[in-house]
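What follows is each chain in one-letter form.
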Amino acid sequence: MGKLTGKDLITTIDWEKDDLIKLLELAEDMQKNRYHKKYTEVLKYKTFMMFFYNPSVRTRQSFETAATELGGHAQFLEPKSMRLKTAKTAGETVEDAANVMSRYGAGLGIRILEDQISAYGEGEKLLREYAHYSSIPVMSMAHDKFHPMQGLADIMGLRKHLGKKLEGKTFTLVWGKGALARSWSSIQEALVLYSRFGMNVRIASPEGYDLDPEVIDYTKSQCEKNGKKFLITHDQKEAYEGSNIIYSRNWMTPNAYANGSLDKQGEIEKSLKYNDWICDMEKMKLTDDAVFVHPMPVDRGNEVTDEVASGKRSIIYDIAENRLHVQKAAMMMTMV
Ligand code: CP
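About the cut-offs
- Residues numbered from 1 in each chain as written.
- Predicted model: local features only at pLDDT ≥ 70, side-chain atom pairs only at ≥ 80, totals over all residues.
- Heavy atoms only, no water.
- Pairing = 2+ DSSP bridges.
- Helix = DSSP H or I, 4+ residues; strand = E, 2+ residues; numbered from the N terminus.
- Axes fitted to C-alpha atoms, helices over the stretch in contact; angles between N-to-C directions.
- Contact = heavy atoms within 4.5 Å.
- Buried < 20%, exposed > 50% of the residue type's maximum accessible area, 1.4 Å probe, protein only.
- Arc of directions from axis to C-beta.
- Core = buried A, V, L, I, M, F, W, Y, C linked by side-chain atoms within 4.5 Å.

In this section: the sheet that holds strand β3 (residues 107-112). Strand order in this open sheet of four strands is β2-β1-β3-β4, and the pairing throughout is parallel. Each edge of the open sheet is held by one strand with a lone partner, namely β2 (73-77) and β4 (138-143). Strand-to-strand twist across the sheet, computed as the mean angle between neighbouring axes with direction ignored, equals 20°. By the bridge criterion, five bridges tie strand β1 (residues 47-52) to β2 in an arrangement that is parallel. Bridge pairing links methionine 49 to glutamine 75 in β2. Taken strand by strand, helix α5 (residues 122-133) contacts β1, β3 and β4, and its axis lies near 170° from that of β4.

This part covers unusual backbone geometry. Proline 297 follows methionine 296 through a cis peptide bond whose omega is 0°. Position of proline 297 relative to the elements: it lies in the loop between β9 (291-293) and α12 (306-309). Residues other than glycine seldom take positive phi values, yet arginine 83 does so here, at roughly 55°. Secondary-structure assignment places arginine 83 in the loop between β2 and α4 (94-104).

Another aspect to go through is α4. Among all positions of α4, only Val94, Ala97, Ala98, Met101 and Ser102 are buried. Down the axis of α4, the sector holding all buried residues measures 135°, keeping them to one side. More than 90 degrees from the buried face of α4, the exposed residues found are Arg103 and Tyr104. Summarising the contacts, the buried residues of α4 are in contact with β1, β2 and α5.

Further remarks concern the sheet that holds strand β6 (residues 200-204). Read across the sheet, five strands follow the order β7-β6-β5-β8-β9 without closing on themselves; strand pairing throughout is parallel. At either margin of the open sheet sits one strand with a lone partner, and together these are β7 (230-233) and β9. Geometrically, the sheet is characterised by an average inter-axis angle of 15° between neighbouring strands, direction not taken into account. Two strands pair when backbone bridges link them, and strand β8 (residues 245-249) and β9 are joined in this way by three bridges, in the parallel orientation. Bridging across to β9, tyrosine 247 finds its partner in valine 293. Against the sheet, helix α7 (residues 185-196) contacts β5 (170-175), β6, β8 and β9, and its axis sits at roughly 160° relative to β8. The sheet contacts of helix α8 (residues 213-225) involve β6 and β7, and relative to β7 the element is tilted by about 140°.

If you look at the biggest cluster of nonpolar residues, it comprises 107 residues, and the most contacted ones within it are Tyr130, Leu158, Phe171, Tyr194 and Met331. For this core, the element with the most residues is helix α13 (residues 316-335), which contributes nine residues. Not counting residues up to four positions away in its chain, the partners in contact with tyrosine 194 are Asp154, Ile155, Leu158, Phe171, Met199, Ile245, Tyr247 and Val293.

Structure representation (structure tokens):
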């Protein structure tokens, strides 16, 4: 048993920075020695249970691949076919489902966001409830507030392309118009994690696209602690100028759940009015040869142009690959 055996990973905030660095170093070694026998039997005979309330491409495939490469198995479960109790239907409680999964599996991943919640914060609450009743580690596979595996995959990509010393690099999170109405999970994880790794943080968006004030306060406090700058602006030029990392992503407004369910169409219509909020080559020229970061799926032509997303400074595919390595590392550290 390791020091972190049984530990949940709902957000990286819950982990010591030294342990996150160990996880990244392990992931980097796993990338280099992908099929080495020191890793291929780590999860032998063990199963990772996955509850997907929402669809996924990368998360499902990378977790399944991760379990296979570690000698175990990942099992895909859709809560809609599990007779779980919800606000609207009778069924099995979280307490019962979590206890039973703990008797079968070695870890439990949960994804819940967008239209599967009726108010921001419900997803986080549900994950914490599962964690409370589970005796196996619970991992977020993206929920309304955070996406820890995505944040770790980003940092692994940045360490490769900008060097292991990320301190002092300037990270710009810039809102992009979009036809998908995105949750705050990936971007909020990036804010809390990148600030802990000593980066200057800039957030740029049109007015009305504020994020969770608790996440903003945490990010600001990390920047202050590290002696780094923190900026919120509505001016794209100010945001891009001299930046080392551009992360362009659509996100929904804080009013998205005002009527008790996600107003997806309203969010999309509002968003598409901001024609100039797209990451393009002209704006990238303002940066200090910044790398382009995105968790994918990319809304090309809205959040970012093809020229940037497929350009030579884009590291989106490396980051997508890193999901596999960081998840393998997280599973090895918490499930064995
Ligand atoms: N980045 C990410 O989580 O991708 P999927 O939604 O495809 O899993």
